[in-house]
Amino acid sequence: MRFPSLSILLPKRWRFSVLSILTTVLTITVGIFLSVSVSARLSPMASAGDATTFNRTSSAYEDAPPNLTAQGIEDHDLGDEAFEEAFVLTPGHENAGLGPVFNNASCVGCHIRNGRGMPEPGQLLLRVTDTTALDDLQKSAMDKVERLKNAPPVRGLGNQVQDFSVVGTTPEANVEILWKEEAGSYGDGMPYRLRSPQFNVTLPDGDPLPDTVAVSPRIPPHVYGLGLLEAIPEADILALADPDDQDGDGISGRPNRVWDVVKQELTLGRFGWKANAPNLLQQSAEAYVNDMGITNSLFPAEDGSTEIDDATLVAAAAYSQTLAAPARTLMDDPQVMRGEKLFSDASCVACHVSTFKTGKHKYPSLENQDIHPFTDMLLHDMGEGLADNRPDFEANGQEWRTPSLWGVGLAQTVLPYSGYLHDGRARTFEEAILWHGGEAENSKLAFDRMPKADRDALVRFLQSL
Ligand code: HEC
Ligand code: HEC
Ligand SMILES: [Ca+2]
Ligand SMILES: [Ca+2]
Ligand SMILES: [Ca+2]
């Protein structure tokens, strides 16, 4: 049956006015609805308080916090340059000093558009440890910091494999990445495939790496929002630790304790996949010396010389300190709302903790913000499937720091085909969750047993972050 149209029901001269009244009423109703929902929703959407960017395009990870002061903006811009600078071998050149061995020539060559890098040589790093030297007797002969690191260096490689070199020098090794695939199925029988990397490391003399060397592969993580994580009061992170699982929920996060080279003391670890770096200045200095072969005042050459000045080092650190975190989206979408509830019901929130309030920071714009990073900054045993079997300070071979999830929904918008987890093995959020084990085994099982519609809702929630 066809409904009679407006033109038949109304005399011609009324049509226009009735239509315009209807339109006006509709506009007002929608307007009121939108303004109410926006004001009710704005604060949780603003995942990093006043330091949130509402840009959700492929440049979402490149914005400074909108509330940054003039000084902050100046530092950010200098940092942006330092982060993009490609180093070269040529002595006398303003960016001289690359290598002699290195992994990449610039920060942004690994942290693509400030997001994660790919699991490929040149971006993925291998950290290595001589496990035969791990026992106590030999440890006592080691340098103090190496002892604290629990990472006896491997002869010829140190603690990181630099598989690139400048002309005239041989790389420390050749690294080839091979992918192993395995099949599995969800509780409802739906099949999936998981892949994991294997590394063929060939030393300059043609020999493979001995089995006694523990290898920890790591992709470059994103670098946005990190100033806010640096500003979380230490006590609030420590308050979440439950090393002996006293509340019996199977989850026992614990802090890493790492060496602060400036203060020359042990302190809380916050950055890196195992919370193995204490702050962004030291993380940046380690990146220069280890990833690019650029000596600096925190890590000088043996004769005390440095290849960059402190202004450059501080600028590079300031850059990751002054990058905003992206806002959430679609918070009124019923599927996203359902996904958020499932994320909580499956205890994902026990580690991916949603809310903190920031404290003191070098950049006042980052202080006193209500932030929603979805990390507890603590180490968790994630089971054998993800284990690297390589300790890193107090982190053992099965522990990883919970990564933040804010902005993670944009990872493949910023860099298509980029992967999740420490070695980039997961091609999708589903795969990332299916690799969870250890303390996260029950969360994984909850996901595994969900009907497909619920799994889709949970994944859609992650995409909305
Ligand atoms: C060869 C690739 C590569 C280069 C070059 C590189 N990084 Fe990284 N970056 C990584 C990897 C891999 C990690 C994780 C390290 C770990 O887990 O110990 C990381 C971690 C970081 C982190 C901590 C991120 C977090 O969420 O914990 C910061 C900040 C950072 N890098 C800054 C820099 C800066 C600044 C430069 C340039 C001076 C740089 N990186 C150069 C690969 C790279
Ligand atoms: C016991 C703590 C814990 C629980 C519970 C947990 N996670 Fe994780 N999650 C982690 C850790 C640690 C990693 C990093 C592991 C790695 O890289 O090997 C991680 C990684 C991830 C990643 C990849 C992030 C990235 O940047 O690559 C996603 C996505 C994720 N978790 C989602 C979830 C979801 C969804 C749930 C609930 C079903 C959940 N997690 C439960 C600790 C946890
Ligand atoms: Ca050098
Ligand atoms: Ca090395
Ligand atoms: Ca517990």
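Structural data are supplied above this passage.
Quick notes on the rules
Residues numbered from 1 in each chain as written. Chains lettered and ligands numbered in written order. Predicted model: local features only at pLDDT ≥ 70, side-chain atom pairs only at ≥ 80, totals over all residues. Heavy atoms only, no water. Donors = N, O, S within 2.8 Å, 3.2 Å for Na, K, Ca; no water. Buried < 20%, exposed > 50% of the residue type's maximum accessible area, 1.4 Å probe, protein only. Near = heavy atom within 4 Å. Polar contact = N/O pair within 3.5 Å; in protein donor to acceptor, adjacent residues only side chain to side chain. Helix = DSSP H or I, 4+ residues; strand = E, 2+ residues; numbered from the N terminus. Nonpolar A, V, L, I, M, F, W, Y, C, P; charged D, E, K, R; others polar. Pairing = 2+ DSSP bridges. Salt bridge = Lys/Arg side-chain N within 4 Å of Asp/Glu carboxyl O.

Caption draft 1: Molecular detail of the coordination of the calcium ion (ligand 4). Ligation of the calcium ion (ligand 4) by protein atoms is provided by L157 (O), Q160 (O), Q162 (OE1), E172 (OE) and E172 (OE), these donors lying 2.3 to 2.6 Å from the ion. Within one chain, the residues serving as donors to the calcium ion (ligand 4) are arranged as L-x2-Q-x1-Q-x9-E. On the basis of relative accessible area, Q162 is assigned to the buried category, the value being 7%.

Caption draft 2: Fine view of the site of ligand 2. Around ligand 2 there are 24 residues in total, and C348, C351, H352, H422 and H436 lie nearest to it. Separating an oxygen atom of ligand 2 from a side-chain N or O atom of R116 is a distance of 2.9 Å. Within the side chain of H436, a nitrogen or oxygen atom sits 2.8 Å from a nitrogen atom of ligand 2. Secondary structure elements with two or more residues in the shell around ligand 2: β15 (399-401) and α12 (429-434). Of the residues assigned to the shell around ligand 2, the class counts are 14 nonpolar, seven polar and three charged.

Caption draft 3: Expanded view of the sheet that holds strand β3 (residues 125-130). Here three strands make up an open sheet; going across it, the order is β4-β3-β8 and the pairing antiparallel. Looking at strand neighbours, the two that pair on one side only are β4 (160-161) and β8 (213-218), the edges of this open sheet. As paired strands, β3 and β4 are joined by two bridges and run antiparallel to one another. Bridge pairing in β4 links R127 to Q160.

Caption draft 4: Molecular detail of the pattern of salt bridges. Per the stated rule, a full pass over the model turns up 18 salt bridges. Note that R460 and D333 form a salt bridge whose closest N and O atoms lie 3.1 Å from each other. In this pair, R460 sits in helix α14 (residues 452-464) while D333 sits in the loop between β11 (325-326) and α10 (334-345), placing the two residues 127 residues apart along the sequence. The exposure class of R460 is partly exposed, given its relative accessible area of 24%.

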